[in-house]
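Understanding the architecture of this molecule
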Amino acid sequence: MNQLFTIGQLSKLFNVKIPTLRYYDEAGLLKPAKVDSATNCRYYSTEQFERLNVIKYFRALNLSIESIKDFFDARDISTLEKLLREQQIKVDQQIQTLQSVNKRISTRLSQVESAEKAVLDQVELVSLPKIPVIYLRQDYQLSEDIELPLTTMRQQYKLDKSIFLGKIALSMARENLIDNKYDHYNGILLILEAGDEGEATATLPAGSYLRVRFHGMHDNAAKSYQQLIQFCEDHLLTITGDAVETALIDYGITNDYAKYVTEIRLPVR
């Protein structure tokens, strides 16, 4: 009779945990050569070695237990090819997902690092690319709770899985700027990034913008809006659209109020 190995010995030989080997047995994937009826101890022969090697190979490819069982039930080349092609499609999808996640990480790191290094209360004239957004045209004042309109946005545009952290902006109508109504906004925007769900309903157009970053949050923005208006007057610039105000660093990512940074972009020509 072939030499028999305890489940502990098999575990050490193949670097597979004992609970995993027990699970393979219970799932019908790797039955022992012998089970002691008195002690219920499992014993394996070298005949199980090749099968366990195949199982380890498939598990390394992240194939499911059910898929591996299907292969062993059929045990032919066509089944193997089908399993591998299906798994390759899944892996390609996972790669695309991870690439999208990596882009999001890079974008967020870039935003936070830029905000940390920003010179505050300094107006800059910058050229920016167009940015896709989901735009909820709804009046909003600083005294109101923003969570309700955000919930409305989620429901209206079916954004239940969207991540809003760091991507919410407020728009202030050009008319309100001119009338010095700095606590009244005319819309809420979700800035879309690569990999986000949902179709853009608008874009922030490419072009020339005045940009200023300041310490604090939306309720500290009035001084910066006045600064932008004065800059336009001093440099004979015309405001061409609504301002967009975004909290780059706020309570969502830090408890340290001293590090809060908000940005305003104002389209001009």
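Residues numbered from 1 in each chain as written. Predicted model: local features only at pLDDT ≥ 70, side-chain atom pairs only at ≥ 80, totals over all residues. Heavy atoms only, no water.

Notes on the packing of helix α4 (residues 65-74) against helix α5 (residues 77-117)
The N-to-C vectors of α4 and α5 enclose an angle of 165°; their axes lie 8 Å apart at closest approach. It follows from the interaxial angle that α4 and α5 lie roughly antiparallel. Between α4 and α5 the crossing geometry is right-handed. Here S67, D70, F71 and A74 of α4 lie close against α5, whose contacting residues are T79, L80 and L83. The class makeup of the residues in the contact of α4 with α5 is four nonpolar, two polar and one charged. (Axes fitted to C-alpha atoms, helices over the stretch in contact; angles between N-to-C directions. Helix = DSSP H or I, 4+ residues; strand = E, 2+ residues; numbered from the N terminus. Parallel < 35°, antiparallel > 145°, perpendicular 65-115°, else oblique. Left-handed = near helix turned anticlockwise from the far one by under 90°. Contact = heavy atoms within 4.5 Å. Nonpolar A, V, L, I, M, F, W, Y, C, P; charged D, E, K, R; others polar.)

Focus: the sheet that holds strand β9 (residues 187-191)
Hydrogen bonds between backbone groups are what pair the strands of a sheet, and the pairing can be parallel or antiparallel. As summarised here, the arrangement of the eight strands in space is β4-β11-β13-β12-β7-β9-β5-β10, forming an open sheet in which the pairing is antiparallel. At either end of the open sheet lies a strand with only one pairing partner, and these are β4 (124-128) and β10 (202-204). Averaged over neighbouring strand pairs, the angle between their axes works out to 35° when direction is ignored. Sheet analysis places strand β5 (residues 131-136) next to β10, joined by three bridges and oriented antiparallel. Note on β10: the bridge partner recorded for V133 is A202. This element, α5, spans β11 (207-215), β12 (243-249) and β13 (261-267) of the sheet and lies at about 90° to β12. (Pairing = 2+ DSSP bridges.)

What to know about a nonpolar patch on the surface
Taken together, the side chains of Y57, L61 and L84 present a nonpolar region at the surface, about 250 Å² in accessible area. Here Y57 lies in helix α3 (residues 47-60). On the basis of relative accessibility, which here comes to 47%, the residue Y57 falls in the partly exposed class. (Patch = residues over 30% accessible without salt bridge, like charges linked within 9 Å, V, L, I, M, F, W, Y side chains within 5 Å. Areas by Shrake-Rupley, 256 points an atom, 1.4 Å probe, with all protein chains shown as cover. Salt bridge = Lys/Arg side-chain N within 4 Å of Asp/Glu carboxyl O. Buried < 20%, exposed > 50% of the residue type's maximum accessible area, 1.4 Å probe, protein only.)

Thoughts on the pattern of salt bridges
Applying the stated criterion across every chain, the model contains six salt bridges. With a closest N to O distance of 2.7 Å, R42 and D25 form a salt bridge. Highlighted residues: R42 in strand β3 (residues 42-44) and D25 in helix α2 (residues 18-26), separated in sequence by 17 residues. The class of D25 is buried, set by a relative accessible area of 9%. The network of salt bridges with shared partners includes D25, K31 and R42.

Remarks on unusual backbone geometry
The phi torsion at N40 lies on the positive side, around 65°, for a residue other than glycine. Among the secondary structure elements, N40 is positioned in the loop between β2 (34-35) and β3. You will see that N62, though not glycine, has its phi angle at about 70°, which is positive. Relative to the helices and strands, N62 resides in the loop between α3 and α4. What makes N62 partly exposed here is its relative accessible area of 48%.

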